[in-house]
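# Examination of the molecular architecture
Listed below are the residues making up each chain.
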Amino acid sequence: MKIYFTGFLLSLALIFIQRPLFGQTFEIRGRIVAEDSKESLQDAVVILRNTAYGTQSIGGGGFLLENVTSGKYTISITYPGYNRFERIIELNEDLNLGVISMIRFGSEGTGAALQKTIRSANVSRLLSERPNFIGGNMVYGIPPEPKRVEGNFYLDNKWNLASILLYRDMEVLEGFRVRYNINANQFELMEPEKMLVSTIQGIRVQNIVWMDSSYKVPRYFVNGMDFKEDGVPISGFFEVLVEGQLPLMRRTFAIFKESNYNTALMVGNRNDQIVKRNKYYYLKGKDLFLIPKKRKDLFPIFGDLQSEMEEFAETNQLKVSDPSSIFQLFTHFNSKFPGFVPIMSQLLDEAKTN
């Protein structure tokens with residue numbers, strides 16, 4: 001028995017020694033302020049260049065990038081009216097960048113700070129974007145309009161009145177207006193009376209119902225940690241579009257697309273963009289599956305009602321590539337079972353589909 005226990009401890013030690021070598025992730029945090037006024041900058045775009053990692057600063061200027069694998073990155077921060085901040089980082093543990101000062105275009109008396117920014121930035125990028133007289137859209141030395149970021153990382157940029165169910169003690173938070181940052185997987189809560197903004201990490205929230213401020217209908221979101229895709233729990237939230245025997249779910253992704261503008265040829269998109277894409281899933285038990293894109297793969301998921309669903313789609317001229325058609329299909333299918341109550345009468349789909 002003693003030998004067995006000693007062997008167990010040795011095996012456990014080896015596991016913990018080897019763990020950092022496989023799939024370890026870290027977080028990067030910091031706070032963004034204006035160099036001149038020291039005011040916090042909200043909605044500054046923070047990305048790791050040439051990766052999918054990105055977020056925006058929240059109230060107070062704070063930002064957080066989570067689940068970043070170890071390695072060498074260039075962190076890039078942009079804010080309208082301010083020079084781009086870039087810095088090369090080596091990530092092998094959680095990293096706090098502290099206070100990051102952004103320098104306003106045309107600021108005076110900031111020579112030392114500007115030199116520091118230039119040293120930490122990508123030199124080739126700075127040279128390509130610096131005003132010059134060599135082609136492009138520089139005319140008589142007039143600098144081009146500064147690049148902007150179009151879009152945001154919020155599922156809905158507006159504040160919506162919500163009820164939030166937390167995992168801990170099944171506590172319910174009510175009376176707040178909220179919005180959800182997709183890439184940071186966190187909710188921002190605005191206290192209505194004092195207009196104070198706080199944040200809560202998505203991993204603490206089990207589900208949330210908010211009243212859409214534009215359509216005036218409730219929308220239901222559930223934490224992906226309670227479900228699995230390919231046997232693995234998911235980070236992020238899914239919107240329940242159709243409840244019932246075979247629920248229809250939607251997940252929205254926010255993708256950062258850097259400008260592809262060619263200064264010399266004056267072609268391409270000048271501004272960086274944050275583009276939202278939707279993916280649709282159906283739920284069986286606790287397992288999520290992507291909605292098939294081909295008719296021959298889609299209709300078999302309806303089991304014994306396959307023929308009836310094919311006839312319904314044919315009669316109503318539904319296209320499996322159209323999210324609204326998918327919504328109608330799942331609504332019709334689930335209505336065949338007792339107790340079905342529709343969540344919404346039509347698909348609310350503001351983001352582009354993938």
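A brief structural summary. Here the residue numbering is sequential within each chain, running from 1 through the sequence in written order. Predicted model: local features are reported for residues with pLDDT of at least 70 only, side-chain atom pairs are reported and counted for 80 or more only, and whole-chain, interface and lining totals are derived from all residues. Remark: hydrogens and water are excluded; side-chain values derive from all non-hydrogen atoms of the structure.

## Some details on the overall build of the protein chain
- When its secondary structure is counted, the protein chain shows six helices and 21 strands.
- Accessible area is worked out with a 1.4 Å probe on protein chains only. A residue is then buried under 20% of its type maximum, exposed over 50%, and partly exposed in between. Evaluated residue by residue, the protein chain yields a buried proportion of 39% over its 354 residues.
- Sequence-distant contacts, at least 24 apart, represent 54% of the contacts inside the protein chain between residues at least 6 apart.
- Surface exposure of the protein chain reaches about 20400 Å², of which carbon and sulfur atoms provide 54%. Helical segments are the DSSP runs of H or I of at least four residues, strand segments are the runs of E of at least two, and each set is numbered from the N terminus. Whether two residues touch is decided by their heavy atoms; if any such pair falls within 4.5 Å, the residues are in contact. Accessible surface area values rest on a Shrake-Rupley calculation with a 1.4 Å probe, where residue burial reflects the displayed protein chains alone.

## Here's the deal with helix 6 (residues 323-334)
- Expected span of a helix: the number of residues minus one, times 1.5 Å. A rise of 1.5 Å per residue sets the reference length of helix 6, with its 12 residues, at 16 Å; its end C-alpha atoms lie 17 Å apart and thus fit the reference within 8%.
- By the criterion of burial, helix 6 is predominantly enclosed, with 10 of the 12 residues buried.
- All of the buried residues along helix 6 are Pro 323, Ser 325, Ile 326, Phe 327, Leu 329, Phe 330, Thr 331, His 332, Phe 333 and Asn 334.

## Considering the sheet that holds strand 7 (residues 95-102)
- Between any two strands, at least two bridges found by DSSP are needed for them to pair. Strand order in this open sheet of three strands is 4-1-7, and the pairing throughout is mixed. Bordering the open sheet on either side are strand 4 (62-69) and strand 7, each of which pairs with just one other strand. The mean inter-strand angle of the sheet, taken between neighbouring strand axes irrespective of direction, is 20°. Geometry is summarised by axes, namely lines fitted to C-alpha atoms with helices restricted to the contacting stretch, and by angles between N-to-C directions that run from 0 to 180 degrees.

## Brief notes about helix 5 (residues 306-315)
- Looking at helix 5, one finds that the buried residues are Met 309, Phe 312 and Ala 313. Angularly, the buried residues of helix 5 cover 95° about the axis, an arc narrow enough to put them on a single face. The exposed set on the far side of helix 5, more than 90 degrees from its buried face, consists of Ser 307, Glu 311, Glu 314 and Thr 315.
- Among the structural elements, helix 4 (295-298) and helix 6 are those in contact with the buried residues of helix 5.
- Count one or two residues on from helix 5 and you reach Gln 317, which has phi positive near 50°. What the arc covers is the set of directions going from the helix axis to the C-beta atoms.

## Here's the deal with the sheet that holds strand 2 (residues 45-48)
- Taking strand neighbours across the sheet as the criterion, the four strands line up as 3-2-5-6 in an open arrangement whose pairing is antiparallel. If you trace the sheet from one side to the other, it starts and ends with strand 3 (54-56) and strand 6 (85-91), each paired once. For this sheet, the mean angle separating the axes of adjacent strands, direction not counted, is 20°.
- Note: strand 2 against strand 3, three bridges, orientation antiparallel. The residue of strand 3 that forms the bridge with Ile 47 is Gly 54.

## Quick word on the packing of aromatic side chains
- Classification of ring pairs uses Phe, Tyr and Trp, with its six-membered ring standing for Trp, and accepts pairs whose centres are within 6.5 Å; under 30 degrees between planes counts as stacked, over 60 as edge-to-face, and the remaining range as tilted. Applying the stated rule across the entire model yields 12 aromatic pairs.
- Ring geometry for Tyr 180 versus Phe 187: centroids 4.7 Å apart, planes at 35°, classification tilted.
- Given the relative accessible area of 2%, Phe 187 is considered buried.
- Measuring from ring centre to ring centre gives 6.3 Å for Phe 299 and Phe 302, while their planes differ by 50°; the resulting arrangement is tilted. Both residues of the pair, Phe 299 and Phe 302, count as buried.

## Description of the pattern of salt bridges
- Basic side-chain nitrogens of Lys or Arg form a salt bridge, by our definition, when they fall within 4 Å of a carboxyl oxygen of Asp or Glu. A complete count under the given rule lists 14 salt bridges for this structure.
- One salt bridge in this structure joins Glu 35 and Lys 38, with 3.9 Å as the shortest N-O distance.
- Residue Glu 35 is classed as partly exposed on the basis of its relative accessible area, which comes to 23%.
- Between Glu 308 and Lys 336 there is a salt bridge; the shortest N-O distance is 2.8 Å.

## A short note on the environment of Glu 90
- Within the secondary structure, Glu 90 sits in strand 6.
- For Glu 90, a relative accessible area of 53% translates into the label exposed.
- Note: C-alpha distance between Glu 90 and Thr 74 (16 residues apart in sequence) is 8.9 Å.
- The residues touching Glu 90, leaving out its near neighbours within four places in the chain, are Gly 71 and Lys 72.

## Description of the pairing of strand 20 (residues 287-290)
- Relative to strand 20, strand 19 (residues 272-284) is paired through four bridges, and the arrangement is antiparallel. Each residue of the ladder has a partner; that of Leu 283, found in strand 20, is Leu 288.
- Where strand 19 folds back on strand 20, the antiparallel hairpin that results is connected by two residues, among which Gly 285 adopts a positive phi of roughly 65°.

## What about the pairing of strand 17 (residues 237-242)?
- Most of strand 17 is tucked away, with six of its six residues classed as buried.
- Where strand 14 (residues 218-223) meets strand 17, four bridges bridge the pair, whose relative direction is antiparallel. When the sheet's bridge partners are listed, Val 222 is paired in strand 17 with Phe 238.
- In terms of strand pairing, strand 17 meets strand 18 (residues 248-257) through three bridges, oriented antiparallel. Along strand 18, the bridge assignment pairs Val 240 with Met 249.
- What sits between strand 17 and strand 18 in their antiparallel hairpin is a turn of five residues, with Gly 244 showing a positive phi close to 140°.

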